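Below, each chain spelled out in residue letters.
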Amino acid sequence: GTTLGGIRVLKYKDAKRHPQYQFYADRLSKIPDESRISLIKWLAMSAEGGGWMSSPYTFPLNSFTFDGRHLPNDGALTIYDGFRPTLLSGSAEEYERMFKMLLVEATTHPHANWEDIEGLRKHKNTFNSRSEVWGGFDGILFDHHKVGADICRQTSTMRAVQFVSVKDGSESDSGWIIAWLNNFLDLCKV
């Protein structure tokens, strides 16, 4: 992986470092590319030794203690956005356990647009679930200039905010996200 500002960006090659990668490679090769991308991050996190994982456009809101290896719930897989994999924590074993479960789902339902969220929804009783991610904001509807004082109160128990941009079907226009985060940081003094 690549480290950017203290954040490690995992790549497919990180999953290949997993001791069981060759065992899984044959099954992974039978899954459409888009679905494989949705799965491989779980194996990469296991190879990395576990920890925190977030989706793109998910940003921490409030400080929370984390020294690297002491994870919430003793390392049991925890998803902080219901069953949506926007912010997660877990041990290497937990990421591999979920990878195996999702791999079965992906090979059982091998359509091109299968994503891990489908398997997570089906197996939502196999992990800890919290509601500590605020958002799913759309750049069209969300006015970053109107960050009011109540935003600090509304987000005080949230670990992160997750932005979704559907302007043109892509997530390439991030200027409004940066503006919102700057306004939030100025107002809430996080």
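Residues numbered from 1 in each chain as written. Predicted model: local features only at pLDDT ≥ 70, side-chain atom pairs only at ≥ 80, totals over all residues. Heavy atoms only, no water.

Chemist: Could you give me a rundown of unusual backbone geometry, with the residues and numbers involved?
Modeler: Located in the positive-phi region is Asn73, a residue other than glycine, with phi close to 55°. Classification of Asn73 by relative accessible area gives partly exposed; the value is 32%. Its identity as a non-glycine residue notwithstanding, Asp74 has a phi of 55°, on the positive side. By the secondary structure assignment, Asp74 is in the loop between strand S4 (58–60) and strand S5 (78–79). (Buried < 20%, exposed > 50% of the residue type's maximum accessible area, 1.4 Å probe, protein only. Helix = DSSP H or I, 4+ residues; strand = E, 2+ residues; numbered from the N terminus.)

Chemist: An account of the nonpolar core is requested, with residue identities and associated values reported.
Modeler: With 24 residues, the main nonpolar core has Leu28, Leu39, Trp42 and Phe99 as its most contacted residues. Residue assignment for this core shows that the elements contributing at least two residues are helix H2 (21–29), helix H3 (33–48) and helix H4 (92–108). If near-sequence neighbours (up to four positions away) are discounted, Leu28 is found in contact with Tyr12, Tyr21, Arg36, Leu39, Ile40, Phe99 and Leu103. (Core = buried A, V, L, I, M, F, W, Y, C linked by side-chain atoms within 4.5 Å. Contact = heavy atoms within 4.5 Å.)

Chemist: Go over the pattern of salt bridges with me, naming the residues and quoting the values.
Modeler: Close approach of charged atoms allows side chains with opposite charge to pair. Scanning the model with the defined rule gives 10 salt bridges in all. Put simply, Arg97 and Glu94 hold a salt bridge, and the shortest N to O gap is 2.9 Å. Residue Arg97 and its partner Glu94 are both found in helix H4; the two are separated by 3 residues, about one turn of the helix. Note on Glu94: relative accessible area 16%, which makes it buried. (Salt bridge = Lys/Arg side-chain N within 4 Å of Asp/Glu carboxyl O.)

Chemist: Which residues make up the pairing of strand S3 (residues 50–54), and what values do they have?
Modeler: Across the 5 residues of S3, 4 count as buried, placing the element largely inside the fold. One ladder, built from 5 bridges, connects S3 with strand S6 (residues 87–91); its direction is antiparallel. Looking across to S6, one finds that Met53 is bridged to Leu88. (Pairing = 2+ DSSP bridges.)

Chemist: Describe H3, naming the residues involved and giving the relevant values.
Modeler: With 16 residues, H3 ought to run about 22 Å at 1.5 Å a step, and its terminal C-alpha atoms sit 22 Å apart, in line with that. Most pronounced at Leu39, the bend in H3 amounts to some 30°. Taken together, the buried positions of H3 are Ser35, Arg36, Ser38, Leu39, Ile40, Trp42, Leu43, Ala44, Met45, Ser46 and Ala47. Packed against the buried residues of H3 are helix H1 (12–15), H2, S3, S6, H4 and helix H5 (116–122). In the stretch just after H3, Gly49 is the one whose phi turns positive, near 100°. (Expected span 1.5 Å × (residues − 1). Bend = angle between axes of the 7 residues up to and from the residue.)

By themselves these figures say nothing about function.
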